[in-house]
Each structure stands twice: as structure tokens, then as C-alpha cells.
There are 2 protein chains.
Amino acid sequence: MTQTGISRGQAARERLITAAQELFWENGVAATTPRQVLARSGVGHGSLYHHFPTKRALAIAAIQRTSEQALARALAVLNQDRPARERLRAFLTRQRDALAGCRIGRLTADPDVMADAEMREPIRRYFTALVEALATVIAETGVPLTTATARATTVAAVVQGGYVLARAGGDAHALERATSGLMDLLEGD
Amino acid sequence: MTQTGISRGQAARERLITAAQELFWENGVAATTPRQVLARSGVGHGSLYHHFPTKRALAIAAIQRTSEQALARALAVLNQDRPARERLRAFLTRQRDALAGCRIGRLTADPDVMADAEMREPIRRYFTALVEALATVIAETGVPLTTATARATTVAAVVQGGYVLARAGGDAHALERATSGLMDLLEGD
């Protein structure tokens, strides 16, 4: 394969992953068909099966990518060069598309994903790394590390649960109320 | 129809609803087929279509029932005859099957449910009533009502998010850490 052939192949692979990420988010993994991925990506049938011989292989790649991107976005806020309390507030009050839900969190309700250890693994890694990063920031505010770890789990949970409540009520502000209620408790401490 | 016929019909209807509740929880609404509902309930084909002419009608009835049962369980704890702080602690530390997830919360990740206003309605009502009941209890601990409402949303969100984290990591204790981290903040206040 020529250099151009390789990069064209990589471009097709990327388009397939992006299409799968979008469709999984819109419709869930189970309901997404190879036909939809082909239509969304504009990639040919042969190329799909060359890069991803099974739907499972594509799902694993797409979930890994979504997890990496979400973690990079969270760490960009948590590792800013400013005081720990401000970083924590910035994380909790970050703009989120509440009604669309979390691209990672929603996967935990997908039976196809939960039944497959390789699909679950990037999701587990995402939350482990997120809680660790949050615990580091909270500890920097002067809280002992064991307390900081429990609070970090609470912070990650309130965001995930805020999405659930927002979607349940069709009310984007539910996520804001949930995170601001926690922010007040953290800052009053 | 004789009296016995009516009660037999009601019993079949109940068995269908219970089977649908279980299957939706195990596999999601989209993946549940009428054939599975028939097998699980032991009810005949004709009876299914008599009580629930469409899968949608059965789904609405099952989601309504699940929401009512979950709310009754939560209110039983929140309305106990004991001090408000203890009721709040009892709610947060209540035994929950963390890895199985919340029967209501998980429905908000189901695209079939979210796309249907009648299926969404009992879920919305559940969370509205839960947050109201929590706000009443929190206000009884001496917190102003607007603060109590924000905190009530935080409490409901941390439970929902704790389920998400527990399922994501295959770690039931994540839910406990999330709720105990919040409990410490609420009690230290």
C-alpha cells in the first residue's frame, strides 16, 4: 500500500469511529446497525469490514475513543494553573448538554455494553482516572486524602446523576441545581 | 365475564406487567420482545393482546408500576417517625443493589423510552415527587427551603450517579462512597 493508501485507510477508520460514537450516543449500541454506520460515515462496505470485522470491534474502538476524549476534556479543566477550589468549581459548573446525557455514563445502562468486559473496560478506566484527578484537586484544598477520595466519588456521582435527573424531567436546570447544591456544601465546609 | 373471569383476567394482566418490569430492567425496553414477555409471564398470546394491544401500551403500564413502587419505597423511609437527619441518613445509606442499577434511572438512558412522552411521564413524576419529599426532610433539619430544594436535587443525583459509577467500575462500593461522602458534607454543615 502506498503512503496515500495508508493515510486514506486511516481516514476511513477515523470516519467509522466518529460515526459509531455519534450513533451510539443517539440510539445506543444495540440499536446501531452496520448499515447506519456506513451511511453516516460515507465509508464503503469493504472498508468497514477491513477495519472492523465485527460490530463488537467497532464498538470497542468507539467506546475507547469516547472515553479518552471525555477524560481529556475533564483533565483540561482539573489541571488548569489556578487554585484548587476554582478548578473544582470550574469542573462542577462546566457547560454540559444536560438533556443529551453523558456519553460515558449512558453506556452503563446499555445491556450490550455491560455484558462485554472489553467494552466496559474503557468506561471503568474513565471513571477511575476522573475520581483520582478529582481526589487530588480536593486534597489540595486541604482535605485529608481518604475524605478527598470519598468526596471525589460524590462529585463524579452528582454530575452523572444530574444528567439522569435532567433527562428524566426534560429539565436541563436539574443538573445545575444538583451540582450547585454540592458546590455550596463543599465551599461551606 | 363471571367474577372469576374478571379476577383471572386481572391476574394475567398483573403477571404481564411484572414480567415486563423484570425484562425491561434486565435487557432494556428496546430489546424486550412480546415473545419474552409471554415466556416469562406464562400468560397466553391472546391474553397479552387483549390487555396490551401494543408493546407500547405494556411498556407504559410497566414503567408506571415501577415508578409507583420505587416512590413508595423511598417515601416509606423518608416519612418514618424519627428525626429528619436520621431519615435523610436512612435514605442515603439504604441497601441498594448498586450493580443492578436503579430501575427508574436506567430508563433515562433508553432511547425508546426517552422518545415517548407517555413513557417518560412516570419517570418525571417519580423524580419530582422524590426531590419534593427530600426537600421537605432537609428543610426540617433547619435549612431554608430554596437551599433545601437544591440539596434535595443533589441527594437524588448522588444516588443516581452512584449507581452509574458502581456499574461502570463493577464496584458496588462506589455507590456507598458517593453517598457517604455526601452524608459527611450534609452532617458537617
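Since the structure is predicted, the reported quantities are computational estimates derived from the model, not experimental observations. (Residues numbered from 1 in each chain as written. Chains lettered and ligands numbered in written order. Predicted model: local features only at pLDDT ≥ 70, side-chain atom pairs only at ≥ 80, totals over all residues. Heavy atoms only, no water.)

A. Here's a closer look at the interface of chain B and chain A. Across the contact, 37 residues belong to chain B and 37 residues belong to chain A. Of the roughly 3,000 Å² buried between chain B and chain A, counting both surfaces, carbon and sulfur atoms make up 73%. If you sort the residues of chain B by the area they bury against chain A, Leu165, Ala168 and Leu185 of chain B come out on top, with a joint share of 21%. For the pair chain B and chain A, the interface holds zero salt bridges. In this assembly, chain B and chain A are joined by six residue pairs in polar contact (both at pLDDT 80 or more). For the side of chain B that touches chain A, the elements supplying multiple residues, two or more each, are helix H1 (3-27), helix H6 (111-114), helix H7 (117-140), helix H8 (145-169) and helix H9 (173-188) of chain B. When residues in the side of chain B that touches chain A are grouped by element, the largest group, 15 residues, is from H8 of chain B. (Contact = heavy atoms within 4.5 Å. Buried area = accessible area lost by both parts, 1.4 Å probe. Salt bridge = Lys/Arg side-chain N within 4 Å of Asp/Glu carboxyl O. Polar contact = N/O pair within 3.5 Å; in protein donor to acceptor, adjacent residues only side chain to side chain. Helix = DSSP H or I, 4+ residues; strand = E, 2+ residues; numbered from the N terminus.)

B. Summary view of the environment of Ala135 of chain B. Tracing the backbone through its elements, the reader meets Ala135 of chain B in helix H7. Separated by 18 residues in sequence, Ala135 of chain B and Thr153 of chain B have C-alpha atoms that sit 8.1 Å apart.

C. Structural detail: helix H2 (residues 34-41) of chain B. Residue and element names in this part refer to chain B. Along H2, the residues that are buried comprise Val37, Leu38 and Ser41. The buried residues of H2 all sit within an arc of 100° when viewed along its axis, so they share a single face. Along H2, exposed side chains directed more than 90 degrees from the buried face belong to Arg35 and Ala39. (Buried < 20%, exposed > 50% of the residue type's maximum accessible area, 1.4 Å probe, protein only. Arc of directions from axis to C-beta.)

D. Broad picture of the layout of surface pockets. Approximately 470 Å³ is the volume attributed to the largest pocket. Looking at the largest pocket, it is lined by 32 residues, and the ones nearest its centre are Gly28, Asp110 and Pro111 of chain A together with Ala109 and Pro111 of chain B. At the level of elements, helix H1 (3-27), helix H4 (55-78) and helix H6 (111-114) of chain A together with H1 and H6 of chain B are the ones that each hand at least two residues to the lining of the largest pocket. In terms of residue count, the dominant contributor to the lining of the largest pocket is H1 of chain A (four residues). In terms of residue class, the lining of the largest pocket is built from 18 nonpolar, six polar and eight charged. (1 Å grid on protein atoms, 1.4 Å probe; cavity = no way out; pocket = protein on both sides within 12 Å on 5 of 7 lines; lining within 4 Å. Points joined across faces, edges and corners; volume = space filled by probe spheres on them. Nonpolar A, V, L, I, M, F, W, Y, C, P; charged D, E, K, R; others polar.)

E. The relation of the copies chain B and chain A, seen in detail. For these two chains of identical sequence, chain B goes onto chain A by a turn of 180° and a shift of 0.0 Å along the axis, with RMSD 0.0 Å. In symmetry terms, the pair is related by a two-fold rotation axis. (Least-squares fit on C-alpha atoms with pLDDT ≥ 70 in both.)

F. Structural detail: the domain arrangement of chain A. Residues and elements named next belong to chain A. When cut into domains, chain A gives domain 1 (1-53) and domain 2 (63-188). Measuring from the centre of the C-alpha atoms in domain 1 to the corresponding centre in domain 2 gives 29 Å. Of the roughly 960 Å² buried at the junction of domain 1 and domain 2 (both faces included), carbon and sulfur atoms supply 50%. The three residues of domain 1 that bury the most area against domain 2 are Gln21, Trp25 and Val29, which together make up 69% of that side's buried surface. At the surface where domain 1 touches domain 2, the tally comes to one salt bridge. As a salt-bridge pair, Glu14 and Arg65 come within 2.7 Å of each other at their nearest N and O atoms. Partitioning the side of domain 1 that touches domain 2 into residue classes produces five nonpolar, two polar and two charged. (Domains from an automatic or database assignment.)

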